[in-house]
Amino acid sequence: MSEIPASESLQAVSQVAEPSVEDDGPTATTTEEAQRLLSLSPVEAALYDDEEPQNLLTEKFTDAEWKALKELRSNLSETFKEAFPEQEDAGSTPYNLWGVTINPMKPKDARVSVVLMKFLRARNMDPVEAKDMLISTLRWRKSFKVDEAMREKFPEDVFGKLGKTYGKDKDGHPIAYNLYGANKDLDAVFGDTQRFLRWRVAFMEESITLLDFETVDQMVQIHDYEGVSMSSRTPASKTAASEASSIFQGHYPEFLAKKFFVNVPSFLTWIFWIFKPLLSAATVAKMSVVGSGPKIIGSALLPLIPADQLPKRYGGDADEF
């Protein structure tokens with residue numbers, strides 16, 4: 001559904017003050033309303049329109065979600081100003097987030113609605129808290145230099161086997177694999193914590209490019225612990241894991257459709273159950289700890305992932321990535 005240009009919105013509003021030949025004339029209330037609407041800026045007029053650009057994802061929004069979204073969206077200009085106080089025109093400058101251009105001067109866009117809804121859902125539909133999270137994310141992306149991390153060339157022998165994207169599930173979600181035991185040289189992987197984090201963020205951003213925010217805005221993650229042992233939990237790896245977890249929880253809201261932990265050694269399984277009570281019911285519902293071996297893993301993954309989209313090591317028919 002296309003958006004009505006602000007100029008057409010104002011033209012339509014102006015007609016309110018012009019009675020047709022069949023009318024007795026505008027009432028005082030109608031005239032006052034028309035004058036108020038005519039005084040709106042193009043941005044305010046665009047926000048006033050009830051018609052919303054739609055796609056398959058926005059069509060699933062509830063009335064409560066639309067209400068919260070409109071409140072969050074109405075403050076986008078102020079949000080950008082708070083996020084980038086050193087930039088004079090921040091309140092009117094478009095910002096590209098995950099391939100979606102958010103224009104505070106023309107905020108009504110279906111893909112923008114999908115992105116903003118992520119922040120709202122992560123903050124229980126509270127527009128104020130969602131705004132704070134969005135501001136924090138925008139500031140973090142600038143300080144972390146996400147765009148530079150995506151352009152950085154990471155050593156293939158260190159990180160090349162640690163992360164892969166391959167295939168889609170039955171609902172079209174792309175699948176990202178994190179292979180924690182693929183490189184036994186822990187010093188090379190985690191010795192430089194900031195380099196690891198830049199690689200991990202770049203891999204996440206690369207995975208997000210597979211989302212169109214029109215039909216799909218989440219991914220399936222498979223965390224493979226084959227080859228991981230007690231000795232793998234070094235102080236450096238623990239620090240890197242903790243910082244990465246903080247980044248993704250704070251700045252990548254609602255990107256997870258389902259998460260599977262496969263080939264998990266027993267010493268790690270009990271850790272999951274200890275922390276389970278600390279997680280929300282919605283998060284726990286998306287997580288599954290699976291055993292080892294193609295047959296057992298396949299029994300858990302194949303109901304969601306077509307066999308031709310799942311590598312043989314996980315019980316599917318696809319060639320290895």
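Look a little higher up for the structure.
First, a word on scope: everything that follows refers to the structure included in this document. Only a predicted model underlies this, so the values are computations on that prediction, with no experimental measurement involved.

Cut-offs and rules
- Residue numbers run consecutively from 1 along every chain, following the written order of its sequence.
- In view of the model being predicted, local features appear only for residues whose pLDDT reaches at least 70, and side-chain atom pairs are presented and counted only at 80 or more, with totals across whole chains, interfaces and linings using the full set of residues.
- Here the side-chain values reflect all heavy atoms present in the structure, with hydrogen atoms and water set aside.
- Only DSSP runs of H or I covering at least 4 residues are called helices, and only runs of E covering at least 2 are called strands; the numbering of each starts at the N terminus.
- The rule is simple: take the accessible area with a 1.4 Å probe, protein chains only, and divide by the maximum for that residue type; under 20% is buried, over 50% is exposed, in between is partly exposed.
- In what follows, a contact means two residues having at least one pair of non-hydrogen atoms within 4.5 Å.
- Per-residue and other accessible areas follow the Shrake-Rupley method at a 1.4 Å probe size, with only the shown protein chains counted as cover for residues.
- Only the six-membered ring of Trp is used, alongside the rings of Phe and Tyr, when aromatic pairs are assigned; centres must lie within 6.5 Å, and planes under 30 degrees apart are stacked while those over 60 apart are edge-to-face, with the rest tilted.
- Placement of a positive charge over a ring is assigned whenever Lys NZ or Arg CZ falls within 6 Å of the ring centre and within 35 degrees of the normal to the ring plane.
- Each patch groups residues whose relative accessible area exceeds 30% and which form no salt bridge, using 9 Å between like charges and 5 Å between nonpolar side chains of Val, Leu, Ile, Met, Phe, Trp and Tyr.
- Should a side-chain nitrogen of Lys or Arg be within 4 Å of a carboxyl oxygen of Asp or Glu, the pair is scored as a salt bridge.
- We count Lys and Arg on the positive side and Asp and Glu on the negative side, and we leave His and both chain ends out.
- Note that the charge is assigned to NZ on lysines, CZ on arginines, CG on aspartates and CD on glutamates.
- Here, any two strands with at least 2 DSSP bridges between them count as paired.
- Buried residues of nine kinds, namely Ala, Val, Leu, Ile, Met, Phe, Trp, Tyr and Cys, make up a nonpolar core once their side-chain atoms join them within 4.5 Å.

## Digging into the overall build of the protein chain
In step 1: When helices and strands are counted, the protein chain shows 15 helices and seven strands.
In step 2: Taken over 321 residues, the protein chain has a buried fraction of 44%.
In step 3: Considering only contacts within the protein chain whose residues lie at least 6 apart along the sequence, 71% involve residues at least 24 apart.
In step 4: Accessible surface, the protein chain: about 16,800 Å² in total, of which carbon and sulfur atoms supply 52%.

## Here's the deal with the packing of aromatic side chains
In step 1: Per the stated rule, a full pass over the model turns up 21 aromatic pairs.
In step 2: A ring pair is formed by Y252 and F255, whose centres lie 6.4 Å apart and whose planes are at 55°; its orientation type is tilted. Residue Y252 shares its accessibility class with F255, and that shared class is buried.
In step 3: Here the aromatic residues W98, F119, W140, F144, F213, F248, Y252 and F255 are joined through ring pairs into a cluster of three or more.
In step 4: The ring of F255 has K118 sitting right over it, with the charged end atom 4.1 Å from the ring centre.

## Details of a negative patch on the surface
In step 1: A surface patch of like charges, here negative, comprises E156, D157, D185 and D187.
In step 2: Structurally, the position occupied by D187 is in helix α10 (residues 186–190).

## Looking at the pairing of strand β4 (residues 174–179)
In step 1: Among the six residues in β4, six count as buried, and that is most of the element.
In step 2: Judged by which residues are buried, β4 turns out to be covered on both faces: P174, A176 and N178 on one side and I175, Y177 and L179 on the other are all buried.
In step 3: Here strand β3 (residues 163–168) runs beside β4; their pairing, made up of four bridges, is antiparallel. When the bridges of β4 are listed, K164 appears paired with Y177.

## Here's the deal with the nonpolar core
In step 1: W98, I208, F213 and Y252 are the most contacted members of the largest nonpolar core, which totals 59 residues.
In step 2: For this core, the element with the highest residue contribution is helix α11 (residues 193–208), accounting for eight residues.
In step 3: Grouped together as the second largest cluster of nonpolar side chains are 13 residues, Y177, L179, V220 and V290 included.

## Some points on the side chain of D217
In step 1: Mapped onto the elements of the fold, D217 is located in the loop between α11 and β5 (219–224).
In step 2: Setting aside anything within four residues of it in sequence, one finds D217 in contact with L57, V114, K118, L211, E254 and F255.

## Section: the environment of F267
In step 1: The topology assignment puts F267 in helix α13 (residues 266–275).
In step 2: For F267, a relative accessible area of 17% translates into the label buried.
In step 3: Setting aside chain neighbours within four positions, we find F267 in contact with V228, S229, M230 and R233.

## Quick look at the pairing of strand β6 (residues 256–262)
Sheet faces and side chains relate simply in a regular strand, where the side chains alternate between the two faces.
In step 1: Most of β6 is tucked away, with seven of its seven residues classed as buried.
In step 2: Note that β5 and β6 share six bridges and pair parallel. Paired with D224 across the strands is V262, a residue of β6.

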